[in-house]
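A structural walkthrough
Listed below, chain by chain, are the residues.
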Amino acid sequence: MEKVIKCKNITHYYGEKLIYENLNFEVEKGKVLGLLGKNGTGKTTIINILNGYLKPCSGECYLLGENMNHLTPATKAKIGLLLEGHVQHTYFTIEQIEKYYRAFFPNWKRDAFYGLMEKLKVVPHQKINHMSCGQRSQVALGLLFAQDPELLILDDFSMGLDPGYRRLFVEYLRDFAAGGDKTIFLTSHIIQDMELLIDDCMILDYGRLLIHKPTREIMENFHRFRFSLNEGQVPTEHEKLWNTEKNNGQWITYSFEPLETVRQLLESKGVQVADLKEETLSLEDAFIGLTGKY
Ligand SMILES: Nc1ncnc2c1ncn2[C@@H]1O[C@H](COP(=O)(O)OP(=O)(O)OP(=O)(O)O)[C@@H](O)[C@H]1O
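Residues numbered from 1 in each chain as written. Predicted model: local features only at pLDDT ≥ 70, side-chain atom pairs only at ≥ 80, totals over all residues.

1. Remarks on the site of the ligand
The environment of the ligand is made up of Tyr14, Ile19, Gly37, Asn39, Gly40, Thr41, Gly42, Lys43, Thr44 and Thr45. By residue number, the principal contributor to the shell around the ligand is helix α1 (residues 43–50), which donates three residues. Residue classes in the shell around the ligand are distributed as two nonpolar, seven polar and one charged. (Near = placed C-beta within 6 Å. Helix = DSSP H or I, 4+ residues; strand = E, 2+ residues; numbered from the N terminus. Nonpolar A, V, L, I, M, F, W, Y, C, P; charged D, E, K, R; others polar.)

Structure representation (structure tokens):
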């Protein structure tokens, strides 16, 4: 399978602060990968490394087969970037910005841009700096769809969009990826959107990559377990039990293991577990189970 993004042994510090050490990941052609993580875990830092704005302290990245420090103009034209919902050149009108961008991209899809602008109820002579924050994000996404890139890198693509437009863009992105020859790498804190969209999920914790798995595998296998213990007992800790805590008088833990294995792990030091129940999770709940609340 062709790898559209390859990152090898990325280590990055800001001053003395370690963001990650020897981070390795790959993204296959045709996949939608969602990068998740709590605030400050380094998602934007990865995006900035991938788009060449930031040089990591060590390690290498390859985009569409080329080392990202030496991307040719032809390869750059195949990569669409959205940085925290921003559109530049806000002194342009909708018409002017479309004309300006068109000149840079050989596969420009003018109709895709205007089709979207029509849906968004903005008129061609409207100036971008007179638009709301959400409308500006919409223009930025419209320009990206018109560019028709092979690789889309979107940082916080849903920033400022209301629920209806968020859903519209999720549908656009799903259609965009449906043919199997486009690859999307995106971040968002709106995990409900991610659940509808991403094939693979990469979750960062402070200083490290916590997990990188197909989303389906997480949804099918990662569960929450509720249980009771006798007064004064505490459950056994184990690396296969995630974020065990007492909540409103009841114990909960999370695991990829089936119920009977979870029981054995919890009871391994003579603890007696009662009323053990398994619950399926949304991706957002799975994220909380994997990373903890705080
Ligand atoms: N230019 C910089 N100089 C110093 N520290 C930085 C710089 N940029 C980011 N950081 C720090 O690095 C860490 C990771 O930042 P980053 O913006 O990549 O996180 P993030 O996961 O995108 O966060 P959020 O979800 O809040 O957008 C944070 O602790 C941040 O304060």
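2. A short note on the domain arrangement of the protein chain
Entries for the protein chain in the domain assignment read domain 1 (3–210) and domain 2 (222–291). Here the C-alpha centroids of domain 1 and domain 2 sit 37 Å apart. Contacts between the two partners involve nine residues from domain 1 and, on the opposite side, six residues from domain 2. Going through the elements one at a time, α7 (191–197) and β9 (200–205) are the ones with two or more residues in the side of domain 1 that touches domain 2. Looking at which element gives the most residues to the side of domain 1 that touches domain 2, the answer is α7, with four residues. By residue class, the composition of the side of domain 1 that touches domain 2 is five nonpolar, one polar and three charged. (Domains from an automatic or database assignment. Contact = placed C-beta atoms within 7 Å.)

3. Considerations on the pairing of strand β4 (residues 58–63)
When strand β1 (residues 3–14) meets β4, the two strands line up antiparallel, connected through five bridges. The residue bridging lysine 8 from the neighbouring strand is glutamate 60, located in β4. Where β4 hands over to strand β5 (residues 66–67), the hairpin turn is made up of two residues, of which leucine 64 adopts a positive phi near 50 degrees. (Pairing = 2+ DSSP bridges.)

4. Section: the nonpolar core
Counting residues in each nonpolar core, the largest one holds 66 residues, and the members touching the most others are Leu50, Leu63, Leu143, Ile153 and Phe185. Both domains that furnish three or more residues to this core are identified here as domain 1 (3–210) and domain 2 (222–291). Ignoring any residue separated from it by four or fewer positions in sequence, one finds phenylalanine 185 in contact with Ile5, Val27, Leu33, Leu35 and Ile153. Listed in part, the seven residues of the second largest apolar core include Phe225, Val262, Leu265 and Leu266. (Core = buried A, V, L, I, M, F, W, Y, C linked by C-beta atoms within 7 Å. Buried ≥ 20, exposed ≤ 12 C-beta atoms within 10 Å, placed from the backbone.)

5. Observations regarding the sheet that holds β9
Sheet architecture is open: six strands sit in the order β6-β7-β8-β3-β9-β10, paired in mixed fashion. Bordering the open sheet on either side are β6 (79–82) and β10 (208–214), each of which pairs with just one other strand. When strand polarity is set aside, the average angle formed by the axes of neighbouring strands in this sheet is 15 degrees. Both β6 and strand β7 (residues 151–155) contribute to a ladder of four bridges, which runs parallel. The residue of β7 that forms the bridge with leucine 81 is isoleucine 153. Here helix α5 (residues 133–147) sits on the sheet in contact with β6 and β7, set at roughly 175 degrees to β6. (Axes fitted to C-alpha atoms, helices over the stretch in contact; angles between N-to-C directions.)

6. A word on α5
With 15 residues, α5 extends 22 Å from end C-alpha to end C-alpha; this agrees with the ideal 21 Å at 1.5 Å per step. Among the 15 residues in α5, 12 count as buried, and that is most of the element. Of the surrounding elements, those touching the buried residues of α5 are β6, α3 (94–102), α4 (110–119), β7 and α6 (163–178). Positive phi shows up at aspartate 148, right after α5, with a value of about 55 degrees. (Expected span 1.5 Å × (residues − 1).)

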